[in-house]
Amino acid sequence: MNFRCIAAVLAATVAMPFGAAKATDLEVTHWWTSGGEAAAVAELAKAFDATGNHWVDGAIAGSGGTARPIMISRITGGDPMGATQFNHGRQAQELVEAGLMRDLTDVATKGHWKDVIKPASLLDSCTIDGKIYCAPVNIHSWQWLWLSNAAFKKAGVEMPKNWNEFVAAAPALEKAGIQPLALGGQPWQASGLVDTLLISLGGKDLYMKVFKDKDAATISGPEMAKVFKAADDARKMAKGSNVQDWNQATNMVITGKAAGQIMGDWAQGEFQLAGQVAGKDYSCLPGLGLNEYLTAGGDAFYFPKLKDEAKSKAQDVLAETIVDPKVQVAFNLKKGSLPIRGDVDLASANDCMKKGLAILGKGNVLQSTDQMLSADTQKQKEDLFSQFFANPSMTPEAAQKRFAEILADAD
């Protein structure tokens, strides 16, 4: 039985221990709208509905950059949903500080979240002034290069073992009529690509000096210049992608129109939905095959304060459901992400997921940029790298200078 079947069986047999005093509808907003993402969301909805409550899906197309302002506007405007997705980090900090989000500390204490949620940084990102305000749902890492086995076979070149070999293969791929690198037009994709180059080419020390310490000399120095040179290589290889959404770029790899894509592990959901097998139809290089470090970013659900007592109780049930071990397996196998619990069985995971688990097991885990930078700084960074990839006349040197200015002003 393949792991998708196992996940379906698990989800269907979850004996939910959660009871709601009064079952109710609960609107849940999120930006998971691709095929693989929708399949994963269905697992959460199924598990929540099994408690007697009803998941009212509030999907917002266009990724987080489009969805978050809508979500925030509704909460601050007095029209809150029952629960909403944000990334791990500081995206909901101002909403919490404004007193608009529920404190989940009692739910977390009852569920022993501090004992089972790993790494601890996930729950730390939910904690403000000692209180827990969100339920982590997955661990996502950006540092992956996804490769089409068919594309390299068509081009007559060996599968690359790392980023450098991938760059070297670009001319042969182009000669065979294959786009070397697929990249969508959403700003966060370009930003994530450069962050991945930084950690994979520069390693842990460079990554932490740049994003945690914000060390000016390092940010303007020669090691970062190498990263911006690699970003220039990526820009040349991605020229001609002509797609907008990340999953459209992933589909270019699935269909062999492109040889590779730098994208987070959520891309696996698209490969799985297309019936492709890791190691056979596609391959993956965590850390771009150079430095096997992964960031422990991902998604969490926050719960706005509501006046309806029944809905508030249903919020508690949903928070418990999200962290339940069986739900964690069912959801994350479909999503392509890793579970937030250290006590679940993922023996049915595919080759790429097992690579990710092995890296986590070694402790080669770092905070994501969402956890170290404010939403405003992230937005400035996204705008910069979106402009860099769209405008070939912007030199790597000019981009590095602007990057240094952004981090110098980071709050």
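Please read all numbers here as calculations on a predicted model, not as lab measurements. (Residues numbered from 1 in each chain as written. Predicted model: local features only at pLDDT ≥ 70, side-chain atom pairs only at ≥ 80, totals over all residues. Heavy atoms only, no water.)

J.: Whenever I open this one, the state of the cysteines confuses me. Can you help?
T.: Here a disulfide denotes a covalent bond joining the sulfur atom of one cysteine to the sulfur atom of another. If you walk through the whole model with that rule in mind, you get two disulfides. Note that C126 is cross-linked by a disulfide to C134, the S-S spacing being 1.8 Å. Taking the sign of the S-S torsion, -85 degrees for the link of C126 and C134, the bridge is left-handed. Owing to a relative accessible area of 1%, C134 belongs among the buried residues under this scheme. Two residues share a disulfide in this structure: C284 and C352, whose sulfurs sit 2.1 Å from each other. Across the disulfide from C284 to C352, rotation about the S-S bond amounts to roughly -115 degrees, and the bridge is consequently left-handed. With a gap of 68 residues between them, C284 in strand β10 (residues 282–286) and C352 in helix α17 (residues 351–362) connect regions that are remote in the sequence. (Disulfide = S-S within 2.5 Å. Buried < 20%, exposed > 50% of the residue type's maximum accessible area, 1.4 Å probe, protein only. Helix = DSSP H or I, 4+ residues; strand = E, 2+ residues; numbered from the N terminus.)

J.: Looking at this model, I keep getting lost on unusual backbone geometry. Mind explaining?
T.: Only a minority of non-glycine residues have a phi that is not negative, and only a minority of peptide bonds are not trans. With an omega of -5 degrees, the peptide bond running from K118 to P119 counts as cis. Relative to the elements of secondary structure, P119 occurs in the loop between α6 (113–116) and α7 (120–124). Its identity is not glycine, yet H112 carries a phi of approximately 55 degrees, on the positive side. Assessed through its relative accessible area of 48%, H112 is described here as partly exposed.

J.: In this structure, what is going on with the packing of helix α12 (residues 222–238) against helix α20 (residues 396–408)? I would like to understand it.
T.: When two helices pack together, you describe them by how their axes are tilted relative to each other and by the distance separating the axes. Look at α12 against α20: their axes get within 9 Å of each other, and the N-to-C directions meet at 125 degrees. Relative to α20, α12 is oriented oblique. For α12 against α20, the interelement crossing comes out right-handed. Listed contacts from α20 to M224, A225, F228, D232 and R235 of α12 are P396, A399, Q400 and F403. Here the residues of the contact of α12 with α20 sort into six nonpolar, one polar and two charged. (Axes fitted to C-alpha atoms, helices over the stretch in contact; angles between N-to-C directions. Parallel < 35°, antiparallel > 145°, perpendicular 65-115°, else oblique. Left-handed = near helix turned anticlockwise from the far one by under 90°. Contact = heavy atoms within 4.5 Å. Nonpolar A, V, L, I, M, F, W, Y, C, P; charged D, E, K, R; others polar.)

J.: Help me out: how do you make sense of helix α3 (residues 63–76) in this one?
T.: Three or four residues apart is the spacing at which side chains of an α-helix point the same way, because the helix has 3.6 residues per turn. With 14 residues, α3 ought to run about 20 Å at 1.5 Å a step, and its terminal C-alpha atoms sit 20 Å apart, in line with that. Among all positions of α3, only S63, G64, A67, R68, M71 and I75 are buried. Along the long axis of α3, the arc covered by the buried residues comes to 105 degrees, so they all point the same way. Contacts from the buried residues of α3 go to β1 (25–30), β3 (83–87), α4 (93–97) and α10 (187–211). (Expected span 1.5 Å × (residues − 1). Arc of directions from axis to C-beta.)

J.: Any chance you could explain the sheet that holds strand β8 (residues 179–181) here in plain terms?
T.: Within the open sheet, the four strands sit side by side as β8-β9-β7-β10. Their pairing is mixed. The open sheet has two edge strands, β8 and β10, and neither has a second partner. Ignoring which end each strand starts from, the neighbouring axes of this sheet average 15 degrees apart. Where strand β7 (residues 144–148) meets β10, five bridges bridge the pair, whose relative direction is antiparallel. (Pairing = 2+ DSSP bridges.)

J.: Would you mind going over the pairing of β1 with me for this structure?
T.: Looking down a regular strand, the side chains alternate between one sheet face and the other. As paired elements, β1 and strand β2 (residues 54–59) share six bridges and run parallel to each other. Along β2, the bridge assignment pairs L26 with W55. Handedness of the crossover joining β1 and β2 through helix α2 (residues 35–49): right-handed. With two bridges joining them, β1 and β3 adopt parallel strand pairing. Bridge pairing in β3 links V28 to A83. (Right-handed = clockwise from strand over helix to strand, strands pointing away.)

J.: Where do I start with the domain arrangement of the chain in this structure?
T.: Accessible area lost on assembly of the parts is the figure often given for the size of an interface. For the chain, the assigned domains are domain 1 (25–141 + 296–366) and domain 2 (144–295 + 371–409). The distance between the C-alpha centroids of domain 1 and domain 2 comes to 26 Å. Counting the surface lost from both domain 1 and domain 2, the interface buries some 2,600 Å², and carbon and sulfur atoms represent 54% of this. For domain 1, the biggest contributors to the area lost against domain 2 are S141, C352 and L366; these three give 28% of the whole. Inspection of the region where domain 1 meets domain 2 yields zero salt bridges. The interface formed by domain 1 and domain 2 includes twelve residue pairs in polar contact (both at pLDDT 80 or more). Residue assignment for the side of domain 1 that touches domain 2 shows that the elements contributing at least two residues are α2, α16 (325–335), α17 and β13 (365–366). Counting residues per element, the side of domain 1 that touches domain 2 draws most heavily on α17, at seven residues. A class-by-class count of the residues in the side of domain 1 that touches domain 2 yields eight nonpolar, 17 polar and seven charged. (Domains from an automatic or database assignment. Buried area = accessible area lost by both parts, 1.4 Å probe. Salt bridge = Lys/Arg side-chain N within 4 Å of Asp/Glu carboxyl O. Polar contact = N/O pair within 3.5 Å; in protein donor to acceptor, adjacent residues only side chain to side chain.)

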